[in-house]
Structure formats: C-alpha cells, structure tokens
Amino acid sequence: MSGVRTPEELTDLFRRSGRKVTAQRQCIFRILEGDETHPSAEAVHALAVREMATISLKTVYQTLHDLAEMGEITALDVGTGRTRFDPNVDRPHHHLVCRSCGSVRDLVVDFPGLEIPAGAALGFEVGAAEVVFRGMCPDCRARIPRARRTRSVTATR
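(A) Layout of the nonpolar core. Within the largest apolar cluster, 19 residues are counted, with the highest numbers of intra-cluster contacts made by Ile28, Leu32, Val44, Val60, Leu64 and Leu67. Looking at this core, the elements that each hand over two or more residues are helix H1 (7-16), helix H2 (23-32), helix H3 (41-51) and helix H4 (57-69). No other element matches the five residues that H2 contributes to this core. Contacts of isoleucine 28, omitting those with residues within four sequence positions, involve Val44, Ile55, Thr59, Val60, Thr63 and Leu64. Residues Cys98, Met136, Cys140 and Ile144 belong to the second largest nonpolar core, which totals five residues.

Written out as structure tokens, the structure reads:
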C-alpha cells in the first residue's frame, strides 16, 4: 500500500517549496511514516509530544495542512468529528469507518460504472467520487455481544 513519503523526502520537498524545515516538522514527518490509521491532528500531536514536549497543536495542524496543500496527504472529513489525514494519495481508494470507535481504513476496490445519472449533478462538474462505508471494525465487533450487534444493524436499516 502506498503511503506518505519518507521523512527525508518530505524534508527535501519542504525545502524545495520554500517552506521552513524545523525539528518539530521533522518529528511530524517521522510520525506519519508508515501510519495507515488516517490520524487526526490531535492524534499526531499526542504522539509528537512524547518526542518533543514543547510541540504545539498549531504546528501540527499547520504542517498537516501544508502537506495536504502539497498533495502529499489528503485531509478527510468522514464524519468522525475531526479532520483525518490520509497518506495514501497515490492509489484511488475509498474508506471504511467504524461507527463505534471512529477508526478509518482504506478500501482499495473499484466500482465500475459509479457515476451520477444525467441531469442529477445539479450543474456540478464532478471530477472524482469517494465512497464511505460505515460499520464496525473487528476490535469493536469483538467487544459487543453478537446478539446486540444483530439488533443494532437491523434497527439502522
């Protein structure tokens, strides 16, 4: 699965784009490497303060938004209450969202023929589509008795 570039590559990209490279930003780059959880800025900050106690949440937000502006990550709003950041920008994909814990995972699958019917786009020029599937992740399903899970799924249909 594709992911965010290495910390060294992101450092070079920031420098080439005229952005300041700081120890705080390099810390954030290291945290993002290999992370497939689609972390929120708050989650990245929580990990960053373990390494660098003085790093601010504002710095984390700014760095993540800079990376999104550069096309290195995607800012997602999948209804979890916080913007999540997706490092998988190289491969078209959709998302699975746990309605219990809010975890987000990539779903790499093609939906051939997914299109808006003629006249239904309300004048929008649509360039891309993203499908979000909501359900329960394996960890949350394991914590809820099977009988209760079945009732809650039936009630939401």
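(B) Looking closely at the pairing of strand E4 (residues 104-107). Residues Val104 and Asp106 of E4 are buried on one face, while the alternating residues Arg105 and Leu107, pointing to the opposite face, are not. Following strand E3 (residues 94-98), the chain reverses through five residues before pairing antiparallel with E4; glycine 102 in that reversal takes a positive phi of roughly 85°.

(C) Just a nonpolar patch on the surface, in detail. A grouping of Leu96, Val109, Phe111, Leu114 and Phe133 is seen on the molecular surface, where their side chains present a nonpolar patch of about 390 Å² in accessible area. If you trace the backbone, valine 109 turns up in the loop between E4 and strand E5 (132-135).

(D) Fine view of H3. Taken as a whole, H3 has its buried residues at Ala41, Val44, His45 and Ala48. Down the axis, H3 shows its buried residues gathered within 100° of arc, on one side only. Where H3 is buried, its residues touch H2, H4 and strand E2 (84-86).

(E) Up close: unusual backbone geometry. Residue histidine 38 is not a glycine yet carries a positive backbone phi of 55°. Of note, the phi angle at leucine 122 is positive, near 55°, even though the residue is not glycine. Exposure remark for leucine 122: the relative accessible area of 75% places this residue in the exposed category.

(F) Region of interest: the pattern of salt bridges. Applying the stated criterion to the full structure yields six salt bridges. Among the salt bridges present, the one from arginine 30 reaches glutamate 51, with a minimum N-O distance of 2.1 Å. Remark: glutamate 51 occurs in helix H3 and arginine 30 occurs in helix H2; sequence separation between them is 21 residues. For glutamate 51, a relative accessible area of 45% puts it in the partly exposed group. Put simply, Arg19, Arg25, Asp66 and Glu69 are held in one network by salt bridges that share partners.

Scoring rules and cut-offs
- Residues numbered from 1 in each chain as written.
- Predicted model: local features only at pLDDT ≥ 70, side-chain atom pairs only at ≥ 80, totals over all residues.
- Heavy atoms only, no water.
- Core = buried A, V, L, I, M, F, W, Y, C linked by side-chain atoms within 4.5 Å.
- Buried < 20%, exposed > 50% of the residue type's maximum accessible area, 1.4 Å probe, protein only.
- Helix = DSSP H or I, 4+ residues; strand = E, 2+ residues; numbered from the N terminus.
- Contact = heavy atoms within 4.5 Å.
- Pairing = 2+ DSSP bridges.
- Patch = residues over 30% accessible without salt bridge, like charges linked within 9 Å, V, L, I, M, F, W, Y side chains within 5 Å.
- Areas by Shrake-Rupley, 256 points an atom, 1.4 Å probe, with all protein chains shown as cover.
- Salt bridge = Lys/Arg side-chain N within 4 Å of Asp/Glu carboxyl O.
- Arc of directions from axis to C-beta.

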